[in-house]
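Read off the chains here:
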Amino acid sequence: VGLQLFTPDDASAWADADELGVIWIRIEIRWDWIEPYQGQFDSSYADKVFNLAATHPKRLMLLFNHPPAWAANAPDRLPVSAAAAMTWLMRKYGNQVAAVEVFNEPNLPGLYGWPNAWSTLKDSATAYANTLTAVSSAIREIDKKVFVISGGLSPTRDPEAYLRWIVRVTPPDCLDSIGLHPYGQTRRFESIQNNVAALLKQEQRPRKNAWFTEFGT
């Protein structure tokens, strides 16, 4: 069990996490905050977050999310642009990162981080899968031990179909776990894992566990 810090640049948030005794901490590093203009990186926010993290014995899951406008407006280049930003992040802070979740609820484009630049679910999922593949390669180029998680899918707007396209497009070694957000499904955790296993078997892909990176009632 872990905890998301919504204000990881605030020392009191880390103190609260210490008091709760959680081991895993999920922190969002917004791409539009670290690279507001293409190729021009701003480390001020991330420096503060990771400096605080260094003083607390936690395992960090980095949520890489929210492309800047210049990247979202050039969706065909998102894989290359996102991989470049991740390379910068990993070179600067990678020794503190245990896992990376690549975007948030991409099956709800335009709402929680993944852009709404495609007219169909298939096209959005394919673009996301290509971006995930590029970002994963950038991570593994620097540190093969970092756990790569696909963006947690919302239980609304057909997560199964979206995941199927991700699985079909990404290479088998692209990710280590499948991110899901099983809101309102408290009693279905085991069946959700079984459903993921069945889908991967149908697509002739190696088994991977689902990681519930967000949960609520």
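Model, not experiment: these values are computed from the prediction.

This part is about empty space enclosed by the protein. For the structure shown, the criterion picks out one cavity of 30 Å³ or more. Of the pockets and cavities examined, the largest cavity occupies roughly 90 Å³. Forming the boundary of the largest cavity are Leu163, Ile166, Val167, Thr170, Pro171, Pro172, Leu175, Ile178, Leu200, Arg205, Pro206 and Lys208. Here the lining of the largest cavity is built from residues that sort into nine nonpolar, one polar and two charged.

A few words on the environment of Ala53. Position of Ala53 relative to the elements: it lies in helix α3 (residues 44–53). Judged by relative accessible area, Ala53 falls into the buried class, the value being 6%. For Ala53, the residues in contact, after removing those within four places along its chain, are Trp14, Leu60 and Gln96.

Below, the discussion takes up the layout of surface pockets. Considering only enclosed or pocket space, the largest pocket measures out at about 560 Å³ in volume. Around the largest pocket, the lining is made up of 23 residues, and of these Gln4, Arg26, Thr213, Glu214 and Phe215 lie nearest the centre. If you list the elements that add at least two residues to the lining of the largest pocket, you get β1 (2–5), β2 (24–30), β3 (59–65) and β7 (210–212). The element contributing the most residues to the lining of the largest pocket is β2, with four residues. What lines the second largest pocket is a set of 17 residues, and nearest its centre among them are Pro159, Glu160, Leu180, Ile192 and Asn195. Sorting the residues of the lining of the second largest pocket by element identifies α7 (159–169) and α8 (189–202) as the ones contributing at least two each.

As a further point, take the sheet that holds β3. Strand order in the open sheet formed by five strands is β1-β2-β3-β4-β5, and the pairing between neighbours is parallel. The sheet is open, and its two edges are formed by β1 and β5 (147–150), each paired on a single side. If you compare each strand with its neighbour and ignore which way they point, the axes differ by 25 degrees on average. Here strand β4 (residues 97–102) pairs with β5 via four bridges, running parallel. Counted as the bridge partner of Val102 is Ser150 from β5. Along the sheet face, α3 touches β2, β3 and β4 and points at about 170 degrees away from the line of β2. Along the sheet face, helix α6 (residues 121–142) touches β4 and β5 and points at about 170 degrees away from the line of β5.

Along helix α1 (residues 11–20), the positions that sit buried rather than exposed are Ala13, Trp14 and Ala17. Viewed along the axis of α1, the buried residues span an arc of 95 degrees, placing them on a single side of the element. Buried residues along α1 sit against β1, β2, α3 and β3. Where α1 ends, the next residue or the one after it, Gly21, has phi of about 80 degrees, a positive value.

Phi at Glu105 takes a positive value of approximately 45 degrees, unusual for a residue other than glycine. The topology assignment puts Glu105 in the loop between β4 and α6. Its relative accessible area of 5% is what places Glu105 among the buried residues. Positive phi outside glycine occurs at Arg157, with the angle close to 60 degrees.

The tally for this structure, following the rule as stated, stands at 15 aromatic pairs. Among the aromatic side chains, those forming a connected cluster through ring pairs are Trp31, Phe64, Trp70, Phe103, Trp114, Trp118 and Tyr128. Geometry around Trp165 places Arg168 over its ring, the cationic atom sitting 5.0 Å from the centre.

We now examine the environment of Ser136. In this structure, Ser136 sits in helix α6. Along the backbone, Ser136 and Thr87 are 49 residues apart, and their C-alpha atoms lie at a distance of 10.0 Å. Every residue in contact with Ser136, bar those within four places of it in the chain, is listed here: Val148 and Cys174. Among the polar contacts listed, one links the side chain of Ser136 to the backbone oxygen of Cys174, at a separation of 2.4 Å.

Conventions used here
- Residues numbered from 1 in each chain as written.
- Predicted model: local features only at pLDDT ≥ 70, side-chain atom pairs only at ≥ 80, totals over all residues.
- Heavy atoms only, no water.
- 1 Å grid on protein atoms, 1.4 Å probe; cavity = no way out; pocket = protein on both sides within 12 Å on 5 of 7 lines; lining within 4 Å.
- Points joined across faces, edges and corners; volume = space filled by probe spheres on them.
- Nonpolar A, V, L, I, M, F, W, Y, C, P; charged D, E, K, R; others polar.
- Helix = DSSP H or I, 4+ residues; strand = E, 2+ residues; numbered from the N terminus.
- Buried < 20%, exposed > 50% of the residue type's maximum accessible area, 1.4 Å probe, protein only.
- Contact = heavy atoms within 4.5 Å.
- Pairing = 2+ DSSP bridges.
- Axes fitted to C-alpha atoms, helices over the stretch in contact; angles between N-to-C directions.
- Arc of directions from axis to C-beta.
- Phe/Tyr/Trp six-rings, centres within 6.5 Å; stacked < 30°, edge-to-face > 60°.
- Lys NZ or Arg CZ within 6 Å of the ring centre and 35° of its normal.
- Polar contact = N/O pair within 3.5 Å; in protein donor to acceptor, adjacent residues only side chain to side chain.

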